[in-house]
Structures are given as structure tokens and as C-alpha cells.
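# Summary of the model geometry
Letter by letter, the chains look like this.
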Amino acid sequence: VQLQASGGGLVQAGGCLRLSCAASGSIFSINVMGWYRQAPGKQRELVAVITSGGSTNYADSVKGRFTISRDNAKNTVYLQMNSLKPEDTAVYYCNAQDWSAPMEYWGQGTLVTVSS
């Protein structure tokens, strides 16, 4: 499985961005896709995940501001980020999990910078 993330950039506080993650390869085995982030000097943390059935889970810090969705026809997962805060600044990584293997895959990361 290969993951290609895109959509990061520089935005002012209160603004919005949409991240995309396109999956290719043996995607039929993927159970969960999602986004994690890592800020400078901090550990990587979960932002949001979505299962193949459409169930979602969010970090408390982004609930009500971020929305994860998936387009199965395009094998793509999106993260709509609204009301961005400076503390959302991080490298965002796309993640995919195959529970049967089990295997975990990571995209290359995309930088999101929120200025105050």
C-alpha cells in the first residue's frame, strides 16, 4: 500500500485547509485510514481516523473543527480542517491499517503551519 498525502500549507489562525490522502496498491485489505500529526519536539498523535464502514474517531483537541471523510471510488481520505489554531501546526501524516496482516502504512507527511 502506498499513501500520497497533499494539501498542507500556511494559513492564518481561523482559516481552513483540506488534506487529501490517496491510497494505491493492495487497498482492499485496509480497515482503517486516518491522520496523525507531529509538532516540533512532540510525539506523533492521532488526529482522526475512519474505518472502512465509515465510523470515525477524533482527538478531543480537534472535535468540532476537523472532519474526516473518505471517497471509496477514489481510494482517498480527506481531512477538512476549519477554525485552525496555531497549536494545530505540525507535520500531518496519513496512515492506513490492515488488521489481518497486521500491517501499518504511512504517507510522507505534509506540513501545516498556522500563523497567529
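Refer to the structure presented above.
All values reported here derive from a predicted model rather than from experimental measurement.

Check the secondary structure of the protein and you find 0 helices and 11 strands. Reading the protein from its N terminus to its C terminus gives the helix and strand order β-β-β-β-β-β-β-β-β-β-β. Its C-alpha radius of gyration of 13 Å places the protein within 12% of the 13 Å reference for a compact globule of 116 residues. Reported as C-alpha extents along the three principal axes, the dimensions of the protein are approximately 40 × 25 × 25 Å.

Strand order in this open sheet of 4 strands is β1-β3-β8-β7, and the pairing throughout is antiparallel. Edge positions in the sheet fall to β1 (2-6) and β7 (66-71), since each of these pairs with one other strand and no more. Neighbour-to-neighbour, the strand axes of the sheet open up by a mean angle of 15 degrees, direction not taken into account.

Turning our eyes to something else, we now look at the pattern of salt bridges. Overall, the coordinates contain 4 salt bridges when judged by the stated rule. The salt bridge partner of lysine 63 is aspartate 60, with a shortest N-O separation of 3.1 Å. In this structure aspartate 60 comes out as exposed when scored by relative accessible area, which is 65%. One salt-bridge network, held together by shared partners, links Arg37, Glu45, Arg65 and Asp88.

All right, on to the state of the cysteines then. In a disulfide, the sulfur atoms of two cysteines are covalently bonded to one another. The final tally for this structure, using the stated rule, is 1 disulfide. Between the sulfur atoms of cysteine 21 and its disulfide partner cysteine 94 the distance amounts to 1.9 Å. Looking down the S-S bond of the cysteine 21 and cysteine 94 bridge, the torsion is -80 degrees, so its handedness is left-handed. Of this pair, cysteine 21 sits in strand β3 (residues 17-24) while cysteine 94 sits in strand β9 (residues 90-98); the two residues are 73 residues apart in sequence, bridging distant segments of the chain. Each member of the pair, cysteine 21 as well as cysteine 94, is classed as buried. Here cysteine 16 is not disulfide-linked; the sulfur of cysteine 21 is the nearest cysteine sulfur, at 20 Å.

Tracing the sequence through the fold places asparagine 72 in the loop between β7 and β8 (76-81). When the C-alpha atoms of asparagine 72 and arginine 37 are compared, they prove to be 23 Å apart, with 35 residues separating the residues in sequence. Of note is the side chain of asparagine 72, whose polar atom sits 3.0 Å from the side chain of arginine 70.

Turning to the environment of cysteine 94, a few remarks are in order. Looking at cysteine 94, the relative accessible area reads 0%, which means it is buried. Cysteine 94 sits 61 residues away from methionine 33 along the chain, and the two C-alpha atoms are 7.4 Å apart. Once residues within four sequence positions are removed from consideration, cysteine 94 is found in contact with Leu3, Ala5, Cys21, Met33, Gly34, Trp35, Tyr105, Trp106 and Gly107.

Core analysis: the largest hydrophobic core is formed by 31 residues, its most contacted members being Leu3, Met33, Trp35, Leu79, Met81 and Tyr92. Counting only elements with at least two residues in this core, the list comes to β1, β3, β4 (32-38), β5 (45-51), β7, β8, β9 and β11 (110-115).

What counts and how
- Residues numbered from 1 in each chain as written.
- Predicted model: local features only at pLDDT ≥ 70, side-chain atom pairs only at ≥ 80, totals over all residues.
- Heavy atoms only, no water.
- Helix = DSSP H or I, 4+ residues; strand = E, 2+ residues; numbered from the N terminus.
- Rg over C-alpha atoms; globule rule 2.2 N^0.38 Å.
- Pairing = 2+ DSSP bridges.
- Axes fitted to C-alpha atoms, helices over the stretch in contact; angles between N-to-C directions.
- Salt bridge = Lys/Arg side-chain N within 4 Å of Asp/Glu carboxyl O.
- Buried < 20%, exposed > 50% of the residue type's maximum accessible area, 1.4 Å probe, protein only.
- Disulfide = S-S within 2.5 Å.
- Polar contact = N/O pair within 3.5 Å; in protein donor to acceptor, adjacent residues only side chain to side chain.
- Contact = heavy atoms within 4.5 Å.
- Core = buried A, V, L, I, M, F, W, Y, C linked by side-chain atoms within 4.5 Å.

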